[in-house]
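As a plain string of letters, each chain reads:
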Amino acid sequence: MTGIVGHEGSRLDVQVIIGVDTHQDQHVAVAIDQRGVRLDEKHVPVATCGYEELERWARSLGQIRAFGIEGTGSYGAGVARFLTSRNYTVIEVNRPDRSVRRRKGKSDATDAEMAARSVLAGVADATPKSGEGEVEMIRMLKSTKDSAVKARTQAVNQIKALVVTAPSELRETLDGLTTAALITRCKSFRPGRLDDPRAAAKYALRSLACRYRQLSKEIQDLREELGRLIRTAAPALVEAFGVGPDSAAALLVAAGSNADRLRSEASFASLCGVNPIPASSGKTNRHRLNRGGDRQANAALYRIVVVRLRYEQRTQAYLQRRTEEGMTKTEVIRCLKRYVVREVYSVIQRPNQILEKAA
């Protein structure tokens, strides 16, 4: 078929879907048309020049309908941002499941073609996060803070383990101390020359105590910066009852900078893993709990509900009423998490508007 030639030699009667399999140094793209016919394959470097080359190649094949990209939150973040800035439709594609890979094999070109076919079939239809603005800044700082908290916990656990195995005269001076007192005591050690196990234990404990203090300072600085960014990005969210900086950060990161990509409140509930999923078969008609979604956002919702159950009278009254109706506390918490999602969704759509607290 000979199509009408348009801009840069593209055929205007051909709609092109491009699937991109992303890697650290090179992306592999495969193009198919609206009927699913494989058109061409392209390898481009991971750089702006490579993204521009990908765009020119895709335009030469026809009218670009969409790009389906794997790993838009990691290796594909750069090319996804580039194409979005050029006003192309970018769809986030999950990697093929194991059954498909067993039948069709595994290669970069195969994965790219499967990504394109997922977009064509409508299996993949999620808009990726934009990776820009204050929410992206919050994501980076939150990730850094979380790793620092984990490292600090490892440091204090290692201190306590060393105390257990330290020489008895040293262990007796440290037994029974609180964590804060233990860190202070270990930091004050002067081991001197390392010529016996007692001196080595003091040296190791002092090193770990210094690490703990340094990480604590780093965590405090990151929390202050996170609080400032969150108050700027969504002041209404941190004003809501029971929503602390960590929970607000997790929910904002889950929604992304382009929260308008969430089509409805139900889509945000699905993203957070608090929507019921049909699980009917035969004569059974029921739903089950969604075990997917963003688990950090789900945990943030749980923390908010626990705080409200303890301190908010409206939520306590709701728990009592639903318990009298025969629901368990676990089931009530699931309902409350769904209500919190409704409130949070309203806030992230209008971040500067203070909303009434939901329960």
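Before reading on, note that the structure itself is shown above.
Here the structure is a predicted model, which means the values were calculated and not measured.

Undergrad: Quick rundown of the overall build of the chain? Include the residues and the values.
TA: Assigned secondary structure in the chain consists of 14 helices and seven strands. A total of 359 residues make up the chain; the buried ones form 40% of that total. Here the contacts in the chain between residues at least 6 apart in sequence split such that 60% fall between residues at least 24 apart. As presented, the chain carries roughly 19,700 Å² of accessible surface, and 48% of it is formed by carbon and sulfur atoms.

Undergrad: Residues and numbers for the pairing of strand S5 (residues 90-93), please.
TA: Pairing of strand S4 (residues 63-70) with S5 involves four bridges; the strand directions are parallel. Counted as the bridge partner of Phe67 is Val90 from S5. After leaving S4, the chain enters helix H2 (residues 77-85) and then returns to the sheet as S5, a path that is right-handed.

Undergrad: Any details on the pattern of salt bridges? Residues and values, ideally.
TA: Inspection of the entire model under this criterion finds 18 salt bridges. A salt bridge links Asp246 to Lys145; its shortest N-O distance comes to 3.4 Å. Here Lys145 lies in helix H5 (residues 133-165) and Asp246 lies in helix H10 (residues 245-255), a separation of 101 residues in the sequence. The closest approach of N and O atoms between Asp221 and Lys217, which form a salt bridge, is 2.8 Å. Placement of both Asp221 and Lys217 in helix H8 (residues 197-233) is noted, with a separation of four residues, approximately one turn of the helix. Owing to a relative accessible area of 51%, Lys217 belongs among the exposed residues under this scheme. Where salt bridges share partners, they join Arg38, Glu41, Glu113 and Arg117 into one cluster.

Definitions and cut-offs
Residues numbered from 1 in each chain as written. Predicted model: local features only at pLDDT ≥ 70, side-chain atom pairs only at ≥ 80, totals over all residues. Heavy atoms only, no water. Helix = DSSP H or I, 4+ residues; strand = E, 2+ residues; numbered from the N terminus. Buried < 20%, exposed > 50% of the residue type's maximum accessible area, 1.4 Å probe, protein only. Contact = heavy atoms within 4.5 Å. Areas by Shrake-Rupley, 256 points an atom, 1.4 Å probe, with all protein chains shown as cover. Pairing = 2+ DSSP bridges. Right-handed = clockwise from strand over helix to strand, strands pointing away. Salt bridge = Lys/Arg side-chain N within 4 Å of Asp/Glu carboxyl O.

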